[in-house]
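Chain by chain, the residues:
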Amino acid sequence: MKNVLVIGSTGQIGSELTMKIRRMIPEGNVVAGFIKGAEPKGELLESGPSAEADVCNGEQLLDVVKKYKIDTIYNLAALLSAVAERKPQLAWHIQIDGLMNILEIARENGCAVFTPSSIGSFGPETPRQNTPQDTIQRPRSMYGCTKVATELLSDYYFHKYGVDTRSVRFPGLISNVTLPGGGTTDYAVEIYYAAVKGEEFVCPIAPGTFMDMMYMPDALKAAVDIMNADPSRLVHRNSFNIASMSFDPEILRAKITEHIPGFKMRYEVDPVRQAIAESWPDKMDDSCAREEWDWKPSYDLEGMTVDMIDALRKKLL
Ligand code: SER
């Protein structure tokens, strides 16, 4: 990995991943790919090259790949689960037609490709506890349909053409830098913002609904480590379960209250997000990632909560 294109560089994952990779390989070109209306600003813009790179525009992508001699593509363009339910055709177009553009360019130009999958690739028939690496994947959401197709297409391009595709199934990601937009797990980010601002939080997910979650520094580490992993050790490729913590809104509320006494939360359950959440695993088994590329998270709920509150106090107060 030397010349890297991050597609979706201004999004929740991309904004932090681009900066991390730039720090890792200062001698390389780490291109912040963006679409019109979501241009990079500030440090992201100033610390390296950026280029318009719309997954739905294959010619534009090819130009960027050739101009910067790209060897690794992080494809982070996606509509998250709740938005994808409102715009299913657009979600398919971005997530799958866009992926096909990328995989074809990767095949012709020798690029490695990371396209994340998600807990959303599972469905109601999937075992909910210690969800195995290889198990039933029959999602009911459009987001999930695109993620299963992403895993299959990525593996297809590896087996058929030798394209070096690898990825992980991200849990809900929690960060203090860039907000997610339109996901089912967004509540676990928004709750910290409300708590730090001293506001009551209105939770759209019902008590007792467990989902895997992860602090962004661990997610970024996974995205880098999987692409740097020794390929001879990889039995799986697309995509690895990775896990670090699982909680429901009550556990999260209680944890935040330990640090911000008096924090208040009430429920106004959103039926769309709730139905999606109930179809996802409670807790994934990530032993294959641990065995095949030494995956190990650093943050648990306590460590994340301390860090989130500290960072958000500096940012918001
Ligand atoms: N965080 C995503 C969502 O909620 C799932 O990967 O849509």
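Structure: see above.
Let me begin by describing the structure that accompanies this report. (Residues numbered from 1 in each chain as written. Predicted model: local features only at pLDDT ≥ 70, side-chain atom pairs only at ≥ 80, totals over all residues. Heavy atoms only, no water.)

## What about the site of the ligand?
Taken together, Leu80, Ser81, Ser118, Tyr143, Gly183, Thr184, Thr185 and Trp280 make up all the residues around the ligand. In the environment of the ligand, an oxygen atom lies 2.7 Å from a nitrogen or oxygen atom belonging to the side chain of serine 118. In the environment of the ligand, an oxygen atom lies 2.6 Å from a nitrogen or oxygen atom belonging to the backbone of threonine 184. When isolated, the ligand has an accessible area of 230 Å², and the protein chains bury 93% of it. The cavity where the ligand resides is the largest pocket. Here the shell around the ligand is built from residues that sort into 3 nonpolar, 5 polar and no charged. (Near = heavy atom within 4 Å. Polar contact = N/O pair within 3.5 Å; in protein donor to acceptor, adjacent residues only side chain to side chain. Areas by Shrake-Rupley, 256 points an atom, 1.4 Å probe, with all protein chains shown as cover. 1 Å grid on protein atoms, 1.4 Å probe; cavity = no way out; pocket = protein on both sides within 12 Å on 5 of 7 lines; lining within 4 Å. Sits in = over half its atoms within 2 Å of the grid points. Nonpolar A, V, L, I, M, F, W, Y, C, P; charged D, E, K, R; others polar.)

## Looking at the environment of glutamate 268
With respect to the secondary-structure elements, glutamate 268 resides in the loop between β15 (265–267) and α10 (271–278). Residues glutamate 268 and alanine 206, 62 residues apart in the sequence, show an inter-C-alpha distance of 8.1 Å. Once you skip the residues sitting within four places of it in the chain, glutamate 268 turns out to touch Val202, Cys203 and Pro204. (Helix = DSSP H or I, 4+ residues; strand = E, 2+ residues; numbered from the N terminus. Contact = heavy atoms within 4.5 Å.)

## Digging into the pairing of strand β4 (residues 72–75)
Side-chain positions along a regular strand alternate between the two faces of the sheet. Covered by surrounding structure in β4 are Thr72 and Tyr74 together with Ile73 and Asn75, the residues of both alternating faces. Two elements, strand β1 (residues 4–7) and β4, share 4 bridges in a ladder whose sense is parallel. By the bridge assignment for β4, isoleucine 7 is matched with asparagine 75. With 3 bridges connecting them, β4 and strand β5 (residues 112–114) associate as parallel partners. Along β5, the bridge assignment pairs isoleucine 73 with valine 113. (Buried < 20%, exposed > 50% of the residue type's maximum accessible area, 1.4 Å probe, protein only. Pairing = 2+ DSSP bridges.)

## As for the layout of surface pockets
Of the volumes computed, that of the largest pocket is approximately 960 Å³. Surrounding the largest pocket, 46 residues form its lining, Leu76, Ala77, Ala78, Leu79 and Leu80 being those nearest its centre. Going through the elements one at a time, β2 (30–34), α4 (81–86), α5 (88–109), β6 (117–118), α6 (142–161) and β10 (172–174) are the ones with two or more residues in the lining of the largest pocket. In terms of residue count, the dominant contributor to the lining of the largest pocket is α6 (3 residues). Considered class by class, the residues forming the lining of the largest pocket number 24 nonpolar, 19 polar and 3 charged. Taken as a whole, the second largest pocket encloses approximately 240 Å³ of empty space. Each residue belonging to the lining of the second largest pocket can be placed in one class, and the counts come to 6 nonpolar, 7 polar and 5 charged. (Points joined across faces, edges and corners; volume = space filled by probe spheres on them.)

## Some remarks on the sheet that holds strand β13 (residues 240–241)
Spatially, 3 strands are ordered β6-β9-β13 in an open sheet, and the strand pairing comes out parallel. The outermost strands of the open sheet, each flanked by one partner alone, are β6 and β13. Where β6 meets strand β9 (residues 168–170), 2 bridges bridge the pair, whose relative direction is parallel. Looking across to β9, one finds that serine 117 is bridged to arginine 169.

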